[in-house]
Amino acid sequence: MSNTITLATLLAPWVDLAANPFGRLPVSQLELDSRKVTPGATFVAVQGHAVDGRKFIASAIDKGAAAVVAQESSEHPHGSIEVQAGIPVVYIESLDSQLSALAERLYPLQSMKLIGVTGTNGKTTITQIIAQWLGLVEKRAAVLGTAGNGFLDALQPAVNTTGSAIEIQQTLAALEQQSADYTAMEISSHGLVQGRVKTLPFAVSVFTNLSRDHLDYHGTMEEYEQAKLTLFTEHKTAHAVINVDDPVGARWASTLANSVQVSLKTLDADNAIYASQVDYSESGISLSFSGMYGDGKLDVPLIGEFNANNVLVALATLLTLGIDKQRLVETASQLTPVIGRMELFQTPSKAKVVVDYAHTPDALEKALLALRVHCKGKLWVIFGCGGDRDVGKRPMMAEIGERLADKVIIADDNPRSEDPARIVEDMLAGMSQPDLASVEHDRFNALQFALSQSQAQDIILLAGKGHEDYQVLANETIHYSDRESAQQLLELI
């Protein structure tokens, strides 16, 4: 997966170990987690956001670490070398913000093109549509993100949307070795703030939209917006593709010199691609486009206005990468819905069930509006809010459910350490007629109830968990999947 280099070569930008005997030590693997250290690995000990890795240096050496690179401290200034049990510990200043550069030296990329996608909603759908479409035009493409890392037919679970700088570089180098021509990456605001993609060269960076999320981390919407903007202003981005239907995107596009503007409305700009006509039917979306790459028409089997936007953003990205327009138009009908993203489950004589990851006010609103266009009967929604997270969005989401659905069932999401009843109480406070909502904490039972009370022409949106196959409770994480619930209750499995 990587070349073996010497410790002196690895650390050359920061310290000169050319004359030091320890500088000749081979480095073939970097580990940030001391528990994952195997004999011969180099342990990287940084002052993290939750844990100080320097406390685990002795543990890493016990596990066989051949060398340690650690963040400087008052006792161990930059460039100093401490020897513990015969193993060198080299101290580097601001190591926590140098991880991307450090990893790049051991796991360099040669020719694979990177596509970075940031925004509140749509990242998974857009990265997976891009990878699918590249596959359909005979390119080998992988993804990194919420739904997993790797090639679409063999995704490996991901702990975070954006992994650590070292994990990312290791994964990308491995994908390149498996002949990936392109990798489309979801990039979270946390990942940007924490410098996890700092030195990656993006052929194209994409902005989807910005709405309320992660305020427990960023504090304000302004801080959240600034975090996203750094992908385009403080990272290596050759081209930017910006959804200007989002007001934040419209504002950014006027200041980003290398941007392509994307809109479902007609745009009068030289650097734009826009929809000239969009039609929605039960079989999907028909979208005619115009702009800087000429005209064309796409027919895609996806549901809803925001998926029309997602497809257009993916198209603009691929055209910006130089992919042939005619090939993209010809293959668009072969695109398939992304797992857990407006994914339809249906069987004759029962209501349709749509599983979607919507867990923010904006995403829930868009999902319900999208389904209303397709719904001939009553529109149901089953959803909850996560515990130990942004409390302010709870009444907002309940208000959206009450306003846009005909029937509302509040269920648990990931309650974590919070009392589920308290979360429901916070949600009901946002409704004008809370007594009309049903409360069923168990999601499987909530869907079972909805199916028993609904008609064949109804649609039930099961929102919040999407592709996830687990639920986080106070003291344990259990196996649970909305997709499996839908399949089981509709007798599809």
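Reading the values: rules and limits
Residues numbered from 1 in each chain as written. Predicted model: local features only at pLDDT ≥ 70, side-chain atom pairs only at ≥ 80, totals over all residues. Heavy atoms only, no water. Core = buried A, V, L, I, M, F, W, Y, C linked by side-chain atoms within 4.5 Å. Buried < 20%, exposed > 50% of the residue type's maximum accessible area, 1.4 Å probe, protein only. Helix = DSSP H or I, 4+ residues; strand = E, 2+ residues; numbered from the N terminus. Domains from an automatic or database assignment. Contact = heavy atoms within 4.5 Å. Pairing = 2+ DSSP bridges. Axes fitted to C-alpha atoms, helices over the stretch in contact; angles between N-to-C directions. Buried area = accessible area lost by both parts, 1.4 Å probe. Salt bridge = Lys/Arg side-chain N within 4 Å of Asp/Glu carboxyl O. Polar contact = N/O pair within 3.5 Å; in protein donor to acceptor, adjacent residues only side chain to side chain. UniProt positions renumbered as here; feature names shortened; annotations may be inferred.

Before going further, it helps to spend a moment on the nonpolar core. Among the nonpolar cores identified, the biggest contains 58 residues, and L7, L10, L11, L30, L172 and M185 are the most heavily contacted of them. Considering each element in turn, this core owes the most residues, six residues, to helix α5 (residues 165-177). There are two domains that each give this core at least three residues, and those are domain 1 (5-95) and domain 2 (109-334). Sequence-distant contacts of L30, defined by excluding residues within four places in its chain, comprise L10, T42, V44, L102, A103, L106, Y107, I166 and Q170. Grouped together as the second largest cluster of nonpolar side chains are 42 residues, V300, L302, L315 and L335 included.

A few words on the sheet that holds strand β12 (residues 201-207). Across the sheet, ten strands lie side by side as β10-β9-β11-β8-β12-β13-β14-β15-β16-β17; this open sheet has mixed pairing. Two strands in the sheet have a free side with no partner beyond their single neighbour: β10 (148-150) and β17 (296-300). Sheet twist, expressed as the average angle between the axes of neighbouring strands with direction ignored, equals 20 degrees. As paired strands, strand β9 (residues 141-145) and β10 are joined by three bridges and run antiparallel to one another.

Okay, the domain arrangement of the protein next. You'll often see interface size given as the accessible area lost when the parts meet. For the protein, the assigned domains read domain 1 (5-95), domain 2 (109-334) and domain 3 (343-490). In this complex, domain 2 contributes 17 residues to the contact, which on the side of domain 3 involves 20 residues. Here domain 2 meets domain 3 over a buried area of about 1,500 Å², counting both sides, of which 59% is carbon and sulfur. Linking domain 2 with domain 3 are zero salt bridges, by the criterion used here. The interface formed by domain 2 and domain 3 contains three residue pairs in polar contact (both at pLDDT 80 or more).

The next thing to look at is the UniProt feature "binding site: ATP" (unreviewed entry) in the protein. UniProt marks G119, T120, N121, G122, K123, T124 and T125 with the feature "binding site: ATP" (unreviewed entry), using the numbering shown here. Structurally, the position occupied by N121 is in the loop between β8 (113-118) and α4 (123-136). Beyond its immediate stretch of four places on either side in the chain, N121 contacts T208, N209, S211, T360, D362 and A363. Within the structure, N121 has its side chain in polar contact with the side chain of T360 (distance 3.4 Å). One can find K123 in helix α4. What makes K123 buried here is its relative accessible area of 12%. A distance of 2.7 Å separates the side chain of K123 from the backbone oxygen of G119, its partner in a polar contact.

We now examine the pairing of strand β16 (residues 284-291). Counting buried residues in β16 gives seven out of eight residues, a clear majority hidden from the surface. Relative to β16, strand β15 (residues 272-281) runs antiparallel, the two sharing eight bridges. Pairing of Y274 across the sheet is with S290, part of β16. Sheet analysis places β16 next to β17, joined by five bridges and oriented antiparallel. Note on β17: the bridge partner recorded for F289 is G296. In this antiparallel pair of consecutive strands, β16 and β17, the connection spans four residues, and G294 shows a positive phi of 90 degrees.

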